[in-house]
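One-letter residues, chain by chain:
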Amino acid sequence: MFRLTCPHCGPRDQVEFNYGGDATVDVPDLDADEQTWFDAVYIRENPRGPHTEFWQHVAGCRQWIRIKRNTQTHEILAYGAATGPMSDEATTSEGSDK
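Residues numbered from 1 in each chain as written. Predicted model: local features only at pLDDT ≥ 70, side-chain atom pairs only at ≥ 80, totals over all residues. Heavy atoms only, no water.

**Student:** Sorry if this is basic, but what is going on with the pattern of salt bridges here?
**Tutor:** As a working rule, side chains carrying opposite charge can pair if their charged atoms are close by. Tallying each qualifying case throughout the model produces three salt bridges. Between R3 and D13 there is a salt bridge whose closest N-O contact spans 2.8 Å. Of the two residues, R3 is situated in strand β1 (residues 3–6) and D13 in strand β2 (residues 10–13); the sequence distance between them amounts to 10 residues. Judged by its relative accessible area of 27%, R3 is partly exposed. Between E16 and R12 there is a salt bridge whose closest N-O contact spans 3.9 Å. Its relative accessible area of 21% is what places E16 among the partly exposed residues. Exposure remark for R12: the relative accessible area of 28% places this residue in the partly exposed category. (Salt bridge = Lys/Arg side-chain N within 4 Å of Asp/Glu carboxyl O. Helix = DSSP H or I, 4+ residues; strand = E, 2+ residues; numbered from the N terminus. Buried < 20%, exposed > 50% of the residue type's maximum accessible area, 1.4 Å probe, protein only.)

Structure, rendered in structure tokens:
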């Protein structure tokens, strides 16, 4: 288990959140061809290291947030609301502030 920092509620255990997917995917235009949509929905990289993800705080404020997380160590590198700037403060996987 690791801790995530909700910008609205503060640090919480990861079990309060649901993973919402890759926050780096560019959604194609609605009139894009079938292959472009197939690639956007199904063809994904499985990054090793820093990666930006969407999470929803389902057991708290229910807001969607973005987390930049090292997928190897679970270290949280940055966090913020689903849109807008992310913090530049990092927290460790145990949730203590650096």
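Past the structure itself, the notes keep going.
**Student:** Any chance you could explain the nonpolar core here in plain terms?
**Tutor:** Note that soluble globular proteins tend to have their nonpolar side chains buried in a common cluster. Of all hydrophobic cores here, the largest spans nine residues; its members are F2, L4, C6, F17, W55, I65, I67, I76 and Y79. Taken together, the elements giving at least two residues each to this core come down to β1, β5 (64–70) and β6 (76–81). Aside from chain neighbours lying at most four places away, what touches F17 is L4, C6, R12, W55, Q56, H57, V58 and I65. (Core = buried A, V, L, I, M, F, W, Y, C linked by side-chain atoms within 4.5 Å. Contact = heavy atoms within 4.5 Å.)

**Student:** Help me out: how do you make sense of a nonpolar patch on the surface in this one?
**Tutor:** Residues F38, V41, Y42 and I43 make up a contiguous nonpolar surface patch of about 420 Å² in total accessible area. By the secondary structure assignment, F38 is in helix α1 (residues 34–42). Given a relative accessible area of 39%, F38 falls into the partly exposed group. (Patch = residues over 30% accessible without salt bridge, like charges linked within 9 Å, V, L, I, M, F, W, Y side chains within 5 Å. Areas by Shrake-Rupley, 256 points an atom, 1.4 Å probe, with all protein chains shown as cover.)

**Student:** Explain the packing of aromatic side chains here, please?
**Tutor:** For any two aromatic rings, the description comes down to two numbers: the centre-to-centre distance and the angle of the planes. In the structure shown here, the tally under the stated rule is three aromatic pairs. Relative to W55, the ring of F2 lies with its centre 6.1 Å away and its plane at 90°, an arrangement referred to as edge-to-face. Of the two residues, F2 sits in the segment before β1 while W55 sits in strand β4 (residues 50–56), which places them 53 residues apart along the sequence. On the basis of relative accessible area, F2 is assigned to the buried category, the value being 8%. Both rings, one in F38 and one in Y42, keep their centres 5.2 Å apart while their planes meet at 45°; by these two values the pair is tilted. (Phe/Tyr/Trp six-rings, centres within 6.5 Å; stacked < 30°, edge-to-face > 60°.)

**Student:** Looking at this model, I keep getting lost on the confidence of the model for the protein chain. Mind explaining?
**Tutor:** Where the model shows low pLDDT, its predicted coordinates should not be examined in detail. The pLDDT averaged across the protein chain works out to 88; a share of 90% of its residues lies at or above 70. Mean pLDDT per element in the protein chain: β1 is the minimum at 92, and β4 is the maximum at 96. For residues 91–98, every residue scores under 50 in pLDDT, and the model assigns this stretch 18 contacts once sequence neighbours within four places are set aside. (pLDDT = per-residue confidence, 0-100.)

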